[in-house]
Amino acid sequence: MNKYLLTPGPVPVSCETQLAEARPLIGHRGKEFSGLFSSIETKLSGLLKTDGKTVIFPASGTGALEALAANFIGPGVSVISVSCGVFGDRFREIAALTGADMINVDVEPGEGVKPHVAATAVASNPNASVLLLTQNETSTGVFNHIDEIVAAIPQEIKPLILVDGVSSVGAMPCFPQKWGIDGLATASQKGLLTPPGLAFVWLSERGWNAVSKRKCPSYYFDLVRQKKDLFKDAPENPYTPPVSLYYALDHALDEITDKGWFSLRDRAARSLAAGIEALGFELLVKDKRFRSPGVTAFFHPSGETDAILKSLKSMCVEPAGGQGKFKGNLIRMSHYHDVRWPEISLALGSLYAALGDARRGAGDFMRRAYEVWEAK
Ligand code: PMP
């Protein structure tokens, strides 16, 4: 039986994207592949609203974070890391492994990063040369307003801003050039609606200048080596690319660049959240402004969240559980793919069934969710 996958990556991909991935292979040194690569680059530039190019290589999101760390950070580099969850911590850990001097700022998981928190950290550490941020903290369903954070940072001492956009790009606005980000990392299997396996790194002009002056200790992740091939008239990769995934991505990007996609994701998130609350669950992220358009995290006050999750899974409805300190006590349901009212009602109906009589709230959850969906 097919599972209804609601994990925050991988996410369900459309039949058309699967068909595109199944196309016969072509060689990666030649006009046809360069054409495919250029088409993807044009669509990515449109999505990120940038005139720059994006490095693409086979890896997961962690590989993209590692690439940023290897190229920008090293022994003795002073790095500020602002983390509000498991993935902020991971970016920090990768940076620390390079031998950097870490300045760690922690925000309570479930809360978003307020601009003044990052701005104060930078003002108190004027010699820091790198700031690490996470746009969408997948472990808690927190969406951070990177544009506001970067704008709050004192410009005269602005460090290089490196952002984990692994679970944000594609599902919510992420405009690195406009916002003043210097390095952005993402991956294929969440907002980009493509199977896992592709990592992406975008750099600003300031970012490219910074990495050109350093010697990257990694051969595979050396962005300057990637740049040489990427910026050719007929772009190619220094190493063998997963051609089938390029076909899939080229198609998936057409689905995302449709007008209204970001607001549709946000609308689905709000409608689902309204139904979840009416069912008697509590949302982890209390402040609505920080709720992710890609993934919603919630728990049941009875303390039986894990039993409910197991029950959902037995129905072949498959969200993710909690991570870190929320292990065993959180459900994370994603809505990166084309979730509209039928999908929302399926998720809420299954939650209702999974709750069982003893835990069922009295709220008219379907009506509540539908009202929010209809209000747009
Ligand atoms: N950062 C964030 C925000 C993520 O959500 C994830 C994956 N859940 C990662 C990094 C790591 O990505 P991957 O599992 O693709 O290596």
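It should be emphasised that the depicted structure is a prediction, and the values quoted were computed from it without experimental measurement.

### Overview of the overall build of the protein
Along the backbone of the protein there are 14 helices and 14 strands. Computed over C-alpha atoms, the radius of gyration of the protein comes to 21 Å, within 12% of the 21 Å expected from 2.2 N^0.38 for 376 residues, which places it in the range of a compact globule. In terms of overall dimensions, the protein has C-alpha extents of about 65 × 55 × 35 Å along its principal axes. The burial tally for the protein puts 57% of its 376 residues in the buried class. By sequence separation, contacts in the protein at least 24 residues apart represent 71% of the contacts at least 6 residues apart. Only carbon and sulfur atoms are counted for the fraction: they give 54% of the accessible area of the protein, which is about 15300 Å².

### Remarks on the domain arrangement of the protein
Here the protein is partitioned into domain 1 (15-256) and domain 2 (260-375). Averaged C-alpha coordinates put domain 1 and domain 2 at centres separated by 29 Å. Counting residues at the interface gives 30 residues for domain 1, matched by 21 residues for domain 2. For the pair domain 1 and domain 2, the two sides together bury roughly 2000 Å², of which 63% comes from carbon and sulfur. Where domain 1 meets domain 2, there are 2 salt bridges. Put simply, E148 and R289 hold a salt bridge, and the shortest N to O gap is 2.7 Å. The interface formed by domain 1 and domain 2 includes 10 residue pairs in polar contact (both at pLDDT 80 or more). Counting only elements with at least two residues in the side of domain 1 that touches domain 2, the list comes to helix 4 (86-97), strand 7 (142-143) and helix 10 (243-256). In the side of domain 1 that touches domain 2, the residues fall into 13 nonpolar, 12 polar and 5 charged.

### What to know about the pairing of strand 12 (residues 295-299)
Of all 5 residues in strand 12, 5 are buried, a share of seventy percent or more. Residues V295, A297 and F299 line one face of strand 12 and the alternating positions T296 and F298 line the opposite face, and both faces are buried. Here strand 11 (residues 282-283) pairs with strand 12 via 2 bridges, running antiparallel. Each bridged residue has a counterpart across the sheet, and for L283 the counterpart in strand 12 is F298. Direction of pairing for strand 12 relative to strand 14 (residues 331-334): antiparallel, over a ladder of 4 bridges. In the sheet register, V295 faces strand 14, and the bridge partner there is S334.

### Considerations on the sheet that holds strand 12
Spatially, the 5 strands line up as an open sheet ordered 1-13-14-12-11, and their pairing is mixed. The outermost strands of the open sheet, each flanked by one partner alone, are strand 1 (4-6) and strand 11. Where strand 13 (residues 317-321) lies against strand 14, 2 bridges are found, and the strand directions are antiparallel. Bridge assignment links G321 to a residue of strand 14, and that residue is I331. Here helix 11 (residues 261-278) sits on the sheet in contact with strand 11, strand 12 and strand 14, set at roughly 10 degrees to strand 12. Its contacts with the sheet put helix 12 (residues 305-314) on strand 12, strand 13 and strand 14, and the angle it makes with strand 13 is roughly 150 degrees.

### Description of helix 11
When the terminal C-alpha atoms of helix 11 are compared, their 26 Å separation across 18 residues agrees well with the 26 Å that a helix rising 1.5 Å per residue should span. Immediately beyond the C-terminal end of helix 11, within one or two residues, lies G280, with a positive phi of roughly 105 degrees.

Reading the values: the criteria
Here the residue numbering is sequential within each chain, running from 1 through the sequence in written order. A pLDDT threshold of at least 70 governs which residues receive local features in this predicted model, and a stricter bar of 80 or more applies before side-chain atom pairs are shown or counted, although totals over entire chains, interfaces and linings include all residues. Think of the side-chain values as coming from all heavy atoms in the structure, minus any hydrogens and water. Starting at the N terminus, helices and strands are each numbered in turn, a helix being any DSSP run of H or I of at least four residues and a strand any DSSP run of E of at least two. The globule rule is 2.2 Å times the number of residues to the power 0.38, and the radius of gyration it is compared with is taken over C-alpha atoms. Each residue is placed in one exposure class: buried if its accessible area under a 1.4 Å probe, protein chains only, is under 20% of its type's maximum, exposed if it is over 50%, and partly exposed if it falls in between. Note on contacts: a residue pair is in contact if any heavy atoms of the two residues lie within 4.5 Å. The Shrake-Rupley method, run with a 1.4 Å probe sphere, supplies the accessible areas, and residue values consider only the shown protein chains as cover. Segment limits for the domains were obtained from an automatic or database-derived domain assignment. Accessible area, probed at 1.4 Å, shrinks when two parts are joined; the buried area is that loss added up over both. The term salt bridge refers to a side-chain nitrogen of Lys or Arg lying within 4 Å of a carboxyl oxygen of Asp or Glu. The definition of a polar contact used here is a pair of N or O atoms within 3.5 Å, where within protein one atom must be able to donate a hydrogen and the other to accept one, and adjacent residues in sequence count solely through side-chain atom pairs. Under the scheme applied, nonpolar residues are Ala, Val, Leu, Ile, Met, Phe, Trp, Tyr, Cys and Pro; charged residues are Asp, Glu, Lys and Arg; polar residues are all the others, including Gly. When DSSP finds two or more bridges between a pair of strands, those strands are recorded as paired. Between N-to-C directions, angles cover 0 to 180 degrees, with each direction set by a line fitted to C-alpha atoms, over the stretch in contact for helices. Under the convention used throughout, the expected extent of a helix is 1.5 Å for every residue step, that is, one less than its residue count.

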